[in-house]
Amino acid sequence: MELKTGSAESTLDDKGRVSVPLRFREQYQGELIITRGMERCVWVMTPSAWGHFKKNLYGSGEFTQAERRLFEDTLINLGDDVELDKAGRIAVPPVLRKYANLTKDCIVISAGDRLSIWDSEEFDTYLRKKEEQAQAAMDKLGAKDIFRDS
């Protein structure tokens, strides 16, 4: 199965559930792990992606003990098991809804190995703040034709 990437608009309902776009549902079946993401979003991962994430965190010699504890406190320890319900929704725990400022209008983004769930306004703000950095990164690639083989 090819992992699908992309984004779609969604909504958070009164019970704190976000609908996962139909085109992403096949790759996010069964047990999933939901946790705090970086940059004020929520991450949803398959057990395999969660395992790789933790392995890279704990197996890497690049992090100090203090950095590992920070990751544990902000990401690992907030991880919780979830599943898509029959309607294709994920229940987002209140602590994660509060962290990501999820209200009603959301953006669901699939990076292939994880979903990111953003409040629509938060995501727009994030993109505006990162626009200059993104342009600088694209300028670095400008000397290459990134759409052709070298």
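## Considering the overall build of the protein chain
Right, on to step 1. A tally of helices and strands in the protein chain yields 5 helices and 8 strands.
Right, on to step 2. Reading the protein chain from its N end, one meets helices and strands in the order β-β-α-β-β-α-α-β-β-α-β-β-α.
Right, on to step 3. Structurally, the protein chain occupies a C-alpha span of about 50 × 40 × 35 Å along its principal axes.
Right, on to step 4. Taken across its 150 residues, the protein chain has 35% of its residues classed as buried.
Right, on to step 5. Considering only residue pairs separated by 6 or more positions, the protein chain has 61% of its internal contacts joining residues 24 or more positions apart.
Right, on to step 6. Looking at the protein chain as shown, the accessible area adds up to about 9,900 Å², and 49% of this sits on carbon and sulfur atoms.
Right, on to step 7. Here the protein chain carries 23 positive and 26 negative side-chain charges, and the mean point of each set is 2 Å from the other.

## Remarks on the pairing of strand β3 (residues 32–36)
Right, on to step 1. Counting buried positions over the 5 residues of β3 gives 4, a clear majority of the element.
Right, on to step 2. Across 3 bridges, β3 lies against strand β5 (residues 80–82) in antiparallel orientation. Across the sheet, the residue bridging to Leu32 is Val82, located in β5.
Right, on to step 3. Of the pairings in the sheet, the one linking β3 to strand β4 (residues 42–45) comprises 4 bridges and is antiparallel in character.

## Details of the sheet that holds β3
Right, on to step 1. Spatially, the 6 strands line up as an open sheet ordered β1-β7-β8-β4-β3-β5, and their pairing is antiparallel. Since the sheet does not close on itself, it has two edges, and those belong to β1 (5–11) and β5, each with one partner. On average, each strand axis in the sheet is inclined to that of its neighbour by 25 degrees, with strand direction left out of account.
Right, on to step 2. Bridge analysis of β1 against strand β7 (residues 105–111) gives 7 bridges, and the strand direction is antiparallel. Paired with Glu9 across the two strands is Ile107, which belongs to β7.

## A look at unusual backbone geometry
Right, on to step 1. One non-glycine residue, Glu39, adopts positive backbone phi at about 65 degrees.
Right, on to step 2. Along the polypeptide, Glu39 turns up in the loop between β3 and β4.
Right, on to step 3. In the Ramachandran plot, Asn101 falls in the positive-phi region, its phi being about 55 degrees despite a non-glycine side chain.
Right, on to step 4. In this structure, Asn101 sits in the loop between α4 (94–99) and β7.

## Structural notes on the confidence of the model for the protein chain
Do not read the fine detail of predicted coordinates wherever pLDDT is low.
Right, on to step 1. On average, residues of the protein chain score 87 in pLDDT, and 92% of them reach the 70 mark or higher.
Right, on to step 2. For the protein chain, the element scoring lowest by mean pLDDT is helix α3 (residues 65–76), at 82; strand β2 (residues 17–19) scores highest, at 96.

## A look at the pattern of salt bridges
Right, on to step 1. Using the criterion set out here, one finds 4 salt bridges in the structure.
Right, on to step 2. Arg17 serves as the salt-bridge partner of Asp13, at 2.7 Å between the closest nitrogen and oxygen.
Right, on to step 3. Since its relative accessible area comes to 24%, Asp13 is described here as partly exposed.
Right, on to step 4. The partner of Arg89 in a salt bridge is Asp85, and the shortest N-O contact between them spans 2.8 Å.
Right, on to step 5. Residue Asp85 is classed as partly exposed on the basis of its relative accessible area of 26%.
Right, on to step 6. Where salt bridges share partners, they join Asp13, Arg17, Asp85 and Arg89 into one cluster.

## Quick notes on the nonpolar core
Right, on to step 1. Formed by 21 residues in total, the largest nonpolar core has its most connected members in Ile34, Val42, Ile90, Leu102, Leu115 and Ile117.
Right, on to step 2. Each residue touching Ile90, except ones within four places of it in the same chain, is listed here: Gly16, Arg17, Val18, Val20, Leu32, Ile34, Val44, Val82, Glu83, Leu84 and Leu115.
Right, on to step 3. Cys41, Trp43, Leu57 and Ile107 belong to the second largest nonpolar core, which has 13 residues in total.

What counts and what doesn't
Residues numbered from 1 in each chain as written. Predicted model: local features only at pLDDT ≥ 70, side-chain atom pairs only at ≥ 80, totals over all residues. Heavy atoms only, no water. Helix = DSSP H or I, 4+ residues; strand = E, 2+ residues; numbered from the N terminus. Buried < 20%, exposed > 50% of the residue type's maximum accessible area, 1.4 Å probe, protein only. Contact = heavy atoms within 4.5 Å. Areas by Shrake-Rupley, 256 points an atom, 1.4 Å probe, with all protein chains shown as cover. Lys, Arg positive; Asp, Glu negative; His and termini not counted. Charge placed at Lys NZ, Arg CZ, Asp CG, Glu CD. Pairing = 2+ DSSP bridges. Axes fitted to C-alpha atoms, helices over the stretch in contact; angles between N-to-C directions. pLDDT = per-residue confidence, 0-100. Salt bridge = Lys/Arg side-chain N within 4 Å of Asp/Glu carboxyl O. Core = buried A, V, L, I, M, F, W, Y, C linked by side-chain atoms within 4.5 Å.

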